[in-house]
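Report on the structure
Spelled out from the first residue to the last, the chains are:
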Amino acid sequence: MEEKPFEGLKISSSDFLNTLENRTICPKCMKSRKFYCYNCFVPVKGIEDLIPRVQLPIKIDIIKHQNECDGKSTSAHAAVLAPDDVRVFTYPCIPDYPDPSKVVLVFPGKNSLTLEELARNSRSKPKDRDNNSDNDQNSCRLSSEVGQNESLCKNLKGNNPVNGSSSDKGSNPTSEDPCSKETASCQVLEESSPYKRKAGDTEGEKLKKQKISSGEPPFERAIFIDSTWKQTKGIIADDRLKDMTCIQLKSRETKFWRHQKDNPATYLSTIEAVYYLVRDYHELFLEDTSYNGEYDNLLFFFSFMYQKIRTFYDGGKDLKAYKQRAKMKQICGEKTSE
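For the structure given in this document, a descriptive report is provided here. Since the model is a prediction, treat every value here as computed from it, not as a measurement.

**A closer look at the pairing of strand β7 (residues 103-106)**
Of the two faces of β7, the one carrying Val-103 and Leu-105 and the one carrying Val-104 and Val-106 are both buried. Of the pairings in the sheet, the one linking β7 to strand β11 (residues 246-247) comprises two bridges and is parallel in character. Bridge pairing in β11 places Leu-105 opposite Cys-246.

Take a look at the structure:
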């Protein structure tokens, strides 16, 4: 593990987290948690005003596989740090998207576009472009691996963040919610949430006033799949997602410490992928403003845990994830030399 992989980023100090010796109660579900609640997506009592709040230029939806461990998933980082712009759902709960032309799915594939390609395509299309994506050449076309699921998870109270959790026995999903049955539950976070932070603690509101360089943003919401690679294939083939326009991120090396067998170092964790997307979006589409670390705090918990694990595991040299990456680099180097 690198000693300072986040050097140069404007990430708020997390030193106060080291002073929390005991677990604390979540202000919503009243369960014992450390730092934040990964089901309610709020900080624990006593540190609400110390946790940074990030305002994003687009909305983010994260579809989490039901077998993904809530406590280990980094999708909760995004929901806690950017509560106004991030929603998390547990599959098969998928929200309804009335205008799919304004939504993209972040998933690599042979028909996936880069942000640059998407920008060029959006500028060349008329403003009243067809919202029906069935004939879109750049849509993700994958054979269906799962049966059609008729339930649509709708946000019952406007734009309030939604929490999807299939493993939280303490949650009380709304009875009208079509996703509250069987394997998935969708819980609307109330407007009177005890999780309140100062609205002016970031420069995010200023970003909302910036003009998009292309005249109109090519998309307003991005969907991420939070699961292992094998689990992702089943979700991506769902009829509600399979015809959406797909985009892929630039190749970056992950700093994640979780081991995924035979996956290269370019497979990012969910929070890393969200961070790089909004940063690239900012640099490409926001006019008259260069990137100045506005979203670096998305990595607040990630960088803190990275350093904790590095310290605990003697630099991380014995962790499976880093042993495998070193081996993959060696193999790739041998193939290149041939």
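**Some remarks on unusual backbone geometry**
Of note, the amide linkage connecting Tyr-91 to Pro-92 takes the cis form, showing an omega dihedral of 15 degrees. Along the polypeptide, Pro-92 turns up in the loop between β6 (86-90) and β7. You will see that Met-30, though not glycine, has its phi angle at about 65 degrees, which is positive. Within the secondary structure, Met-30 sits in the loop between β1 (24-25) and β2 (32-33). If you check the backbone angles, Phe-41 has positive phi at about 60 degrees while not being a glycine. Position of Phe-41 among the secondary structure elements: in the loop between β3 (36-37) and β4 (42-43). Classification of Phe-41 as buried rests on a relative accessible area of 5%.

**Considering the pairing of strand β10 (residues 221-226)**
Most of β10 is tucked away: six of the six residues are buried. Both faces of β10 are covered, namely the face carrying Arg-221, Ile-223 and Ile-225 and the face carrying Ala-222, Phe-224 and Asp-226. Note: strand β5 (residues 59-64) against β10, six bridges, orientation parallel. Counterpart to Lys-59 in the pairing with β10 is Arg-221.

The rules behind each value
Residues numbered from 1 in each chain as written. Predicted model: local features only at pLDDT ≥ 70, side-chain atom pairs only at ≥ 80, totals over all residues. Heavy atoms only, no water. Buried < 20%, exposed > 50% of the residue type's maximum accessible area, 1.4 Å probe, protein only. Helix = DSSP H or I, 4+ residues; strand = E, 2+ residues; numbered from the N terminus. Pairing = 2+ DSSP bridges.

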